[in-house]
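Each chain, letter by letter, is given below.
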Protein chains: 2
Amino acid sequence: MAKLDEGTAPAGAGRSENSARDVLLQSASDLMIELGTPEVSLHAIARRAGVTAPLVKYYFGSKEGLLVALVERDTARSLAQLDGLNAMPIEPLAKLKIHITGIVRTYSRYPYLVGLLNHLLRETQGEASERIKASFVTPLIEAQRRIIEEGVAAGQFRAIDPDQLYFIVVGACQYLFSSRVAFAQIMDGKLADDAFARDFPNTVLDVILNGLRA
Amino acid sequence: MAKLDEGTAPAGAGRSENSARDVLLQSASDLMIELGTPEVSLHAIARRAGVTAPLVKYYFGSKEGLLVALVERDTARSLAQLDGLNAMPIEPLAKLKIHITGIVRTYSRYPYLVGLLNHLLRETQGEASERIKASFVTPLIEAQRRIIEEGVAAGQFRAIDPDQLYFIVVGACQYLFSSRVAFAQIMDGKLADDAFARDFPNTVLDVILNGLRA
């Protein structure tokens, strides 16, 4: 568990603002994973990090500011990979495979991300919502659309609406992870088994790639 | 909008407890659809129905009681169809088609259902959670497992873990609907277009059935 008042540096002595922000983001992330929902209070996040709620506001401006920063932290790696993927001289089927593997990995690490994105898109006005759309949601939709259109043009995929497919792919990749806490006592506790989550990406790839094949 | 104080019967004159319960459930459902989330307060539900929060507690015992009743209302039809489907003398591929169409229809009508089920499974202890599991989640998992196992045995489907497939199928069917409010301004507002939702079930069937074919 991340705590601001732990670690080797004495409290208030030389710890940079950046690392305090990182610890707060990690506390929010840990709490959301543990509770199985992004609906956590600013007070609970502060308590987890061993600080007061006003200090969280000092670093992030508001709870919304912290949530936007968390989405940006959690999606940074996927977005960098998406740019790399786009430039790769490989065929559409291989691109889609890498793309889907990346989506599963992102949601398995940050199972609260779907709920958090929907919350921010729904509840925030203006800048925060626009930032989430422009920095993550729209690039993901467009990257996937490009891959599907290339694959249809190359005769590898059957003709399919890329926007409808977006919801099918992301839904198929994320539902297991966003339901893991709720389903803990279901299917004989199989979801707590690491092998279940480890094998899952291959099953998703198997169903979706076969499902799209021309 | 459903309101307890509207309609032909004068307030307090002969309106049965059943219809008052129905109006409250419909108010909760309307509100969750409008806001795009099952996270609504008891007060907001009461206000929507034109009554006080204590009256809601009188009918359902607690907010949790109302939420469980709402899940039971929303899933009753699917469960009846699931029983009928199990008894039908048709081949597994045809069964899976009917089954998936039913899942899409349920989540398109009640887009808050995934969030509501997860909330109740996560947050409620004992009876409520057990009731949701026994009355809806477990029968759905088992019905789907039976269809997949029949299909694999008949050589129609490739061998696949039915429990992993459960999350792929339900995730693929529901994500569009549970994200509709959040995605209102994304994809040029395409999600508000009725044609998009109307064509969606065929796209899901197309991808999943092709994906499973032996």
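Draft legend 1. Spotlight on the overall build of chain A. Across its full length, chain A holds nine helices and zero strands. Its helices and strands in sequence order give chain A the pattern α-α-α-α-α-α-α-α-α, from N to C terminus. Dimensions of chain A, computed from the C-alpha atoms along their principal axes, are close to 60 × 45 × 35 Å. Within chain A, the fraction of its 214 residues that count as buried is 52%. When contacts within chain A are restricted to residue pairs at least 6 apart in sequence, long-range pairs at least 24 apart make up 66% of them. As displayed, chain A has an accessible area near 9,400 Å², and 51% of this comes from carbon and sulfur atoms. On chain A, the mean spot of the 23 positive side-chain charges and the mean spot of the 25 negative ones are 2 Å from each other.

Draft legend 2. Molecular detail of the relation of the copies chain B and chain A. Mapping chain B onto chain A leaves a residual RMSD of 0.0 Å; the transformation is a rotation of 180° accompanied by 0.0 Å of translation along its axis. Both chain copies can therefore be described as sitting about a two-fold axis. Every residue of chain B has its C-alpha some distance from the rotation axis, and the shortest such distance is that of Gly211(B), at 1.8 Å. When you check the interface residues of chain B against chain A, 100% turn up at the interface there too, and the contact is symmetric in its surfaces.

Draft legend 3. Focus on a nonpolar patch on the surface. Residues and elements named next belong to chain A. Together, Met88, Ile90 and Ile98 make up an exposed nonpolar region whose accessible area comes to about 220 Å². Within the secondary structure, Ile98 is located in helix 5 (residues 92-109). Exposure remark for Ile98: the relative accessible area of 40% places this residue in the partly exposed category.

Draft legend 4. Examining empty space enclosed by the protein more closely. All names here are of chain B. Tallied over the entire structure, the rule returns five cavities of 30 Å³ or more. Of the volumes computed, that of the largest cavity is approximately 60 Å³. Lining the largest cavity, in full, are Asp74, Arg77, Ser78, Gln81, Gly102, Arg105, Thr106, Arg109 and Tyr110. Elements with a contribution of two residues or more to the lining of the largest cavity: helix 4 (63-87) and helix 5 (92-109). A per-class count over the lining of the largest cavity returns one nonpolar, four polar and four charged.

Draft legend 5. Main features of the pattern of salt bridges. Across all of its chains, the model carries 20 salt bridges over all chains by this definition. In this structure, Asp206(A) engages Arg158(B) in a salt bridge whose closest nitrogen and oxygen atoms are separated by 2.9 Å. Taken together, the residues span two chains, with Asp206(A) in helix 9 (residues 194-212) and Arg158(B) in the loop between helix 7 (127-153) and helix 8 (162-178). On the accessibility criterion, Arg158(B) (22% relative accessible area) is partly exposed. Across the pair Arg145(B) and Asp163(B) runs a salt bridge, and its minimum N-O distance is 3.0 Å. With a gap of 18 residues between them, Arg145(B) in helix 7 and Asp163(B) in helix 8 connect regions that are remote in the sequence. Judged by its relative accessible area of 24%, Arg145(B) is partly exposed.

Draft legend 6. Inspection of the environment of Val204(A) at higher detail. Turning to its location among the elements, Val204(A) is positioned in helix 9. Its relative accessible area of 0% is what places Val204(A) among the buried residues. Once the C-alpha coordinates of Val204(A) and Gly84(A) are considered, the two residues, 120 residues apart in sequence, prove to be 22 Å apart. Every residue in contact with Val204(A), bar those within four places of it in the chain, is listed here: Ile100(A), Ala172(A), Cys173(A) and Ile168(B).

Draft legend 7. Focus on the layout of surface pockets. For the largest pocket, the calculated volume is near 680 Å³. Forming the walls of the largest pocket are 38 residues, and the residues nearest its centre are Val114(A), Gly115(A), Pro38(B), Val114(B) and Gly115(B). Those elements that place two or more of their residues in the lining of the largest pocket are helix 1 (17-35), helix 6 (113-123) and helix 8 (162-178) of chain A together with helix 1 (17-35), helix 5, helix 6 (113-123) and helix 8 of chain B. With five residues, the top contributor of residues to the lining of the largest pocket is helix 6 of chain A.

Draft legend 8. Representation of the interface of chain B and chain A. Each side of the interface is counted separately: chain B has 47 residues, and chain A has 47 residues. Each partner contributes to the roughly 4,200 Å² buried at the junction of chain B and chain A, and carbon and sulfur atoms together form 68% of this total. When the buried surface of chain B facing chain A is broken down by residue, Gln164(B), Phe167(B) and Tyr175(B) rank first, second and third, together holding 19% of it. Summed over the shared surface of chain B and chain A, the result is six salt bridges. When the shortest N-O distance is used, the salt bridge between Asp161(B) and Lys190(A) registers 3.6 Å. Linking chain B with chain A are twelve residue pairs in polar contact (both at pLDDT 80 or more), by the criterion used here. Secondary-structure elements contributing two or more residues to the side of chain B that touches chain A are helix 6, helix 7, helix 8 and helix 9 (194-212) of chain B. Considering every element that reaches the side of chain B that touches chain A, the biggest residue donor is helix 8 of chain B, with 13 residues. For the side of chain B that touches chain A, the residue count by class is 26 nonpolar, twelve polar and nine charged.

Draft legend 9. Here's a closer look at helix 6 of chain A. With respect to burial, helix 6 of chain A is a largely interior element, nine of its eleven residues being buried. Those residues of helix 6 of chain A that sit buried are Leu113(A), Val114(A), Leu116(A), Leu117(A), Asn118(A), His119(A), Leu120(A), Leu121(A) and Arg122(A).

Draft legend 10. Helix 4 (residues 63-87) of chain A, seen in detail. All names here are of chain A. Between the first and last C-alpha of helix 4 there are 36 Å, a value that for 25 residues agrees with the 36 Å anticipated at 1.5 Å per step. At Thr75, helix 4 is deflected by roughly 45°, the largest bend along its length. Its buried side turned inward, helix 4 meets helix 1, helix 2 (42-49), helix 3 (53-60), helix 5, helix 6 and helix 7 (127-153).

Draft legend 11. Spatial organisation of the packing of aromatic side chains. Taken as a whole and assessed by the stated rule, the structure comprises 18 aromatic pairs over all chains. Here the aromatic rings of Phe167(A) and Phe183(B) are separated by 5.3 Å at their centres, their planes lie at 65°, and the arrangement is edge-to-face. Here Phe167(A), found in helix 8, pairs with Phe183(B), found in the loop between helix 8 and helix 9, and the two come from separate chains. Take Phe167(A): its relative accessible area is 0%, and that puts it in the buried class. Each residue in the set Tyr166(A), Phe167(A), Tyr175(B), Phe183(B) and Phe196(B) is aromatic and connected to the rest through ring pairs, giving one cluster.

So, how was this worked out
Residues numbered from 1 in each chain as written. Chains lettered and ligands numbered in written order. Predicted model: local features only at pLDDT ≥ 70, side-chain atom pairs only at ≥ 80, totals over all residues. Heavy atoms only, no water. Helix = DSSP H or I, 4+ residues; strand = E, 2+ residues; numbered from the N terminus. Buried < 20%, exposed > 50% of the residue type's maximum accessible area, 1.4 Å probe, protein only. Contact = heavy atoms within 4.5 Å. Areas by Shrake-Rupley, 256 points an atom, 1.4 Å probe, with all protein chains shown as cover. Lys, Arg positive; Asp, Glu negative; His and termini not counted. Charge placed at Lys NZ, Arg CZ, Asp CG, Glu CD. Least-squares fit on C-alpha atoms with pLDDT ≥ 70 in both. Patch = residues over 30% accessible without salt bridge, like charges linked within 9 Å, V, L, I, M, F, W, Y side chains within 5 Å. Salt bridge = Lys/Arg side-chain N within 4 Å of Asp/Glu carboxyl O. 1 Å grid on protein atoms, 1.4 Å probe; cavity = no way out; pocket = protein on both sides within 12 Å on 5 of 7 lines; lining within 4 Å. Points joined across faces, edges and corners; volume = space filled by probe spheres on them. Nonpolar A, V, L, I, M, F, W, Y, C, P; charged D, E, K, R; others polar. Buried area = accessible area lost by both parts, 1.4 Å probe. Polar contact = N/O pair within 3.5 Å; in protein donor to acceptor, adjacent residues only side chain to side chain. Expected span 1.5 Å × (residues − 1). Bend = angle between axes of the 7 residues up to and from the residue. Phe/Tyr/Trp six-rings, centres within 6.5 Å; stacked < 30°, edge-to-face > 60°.

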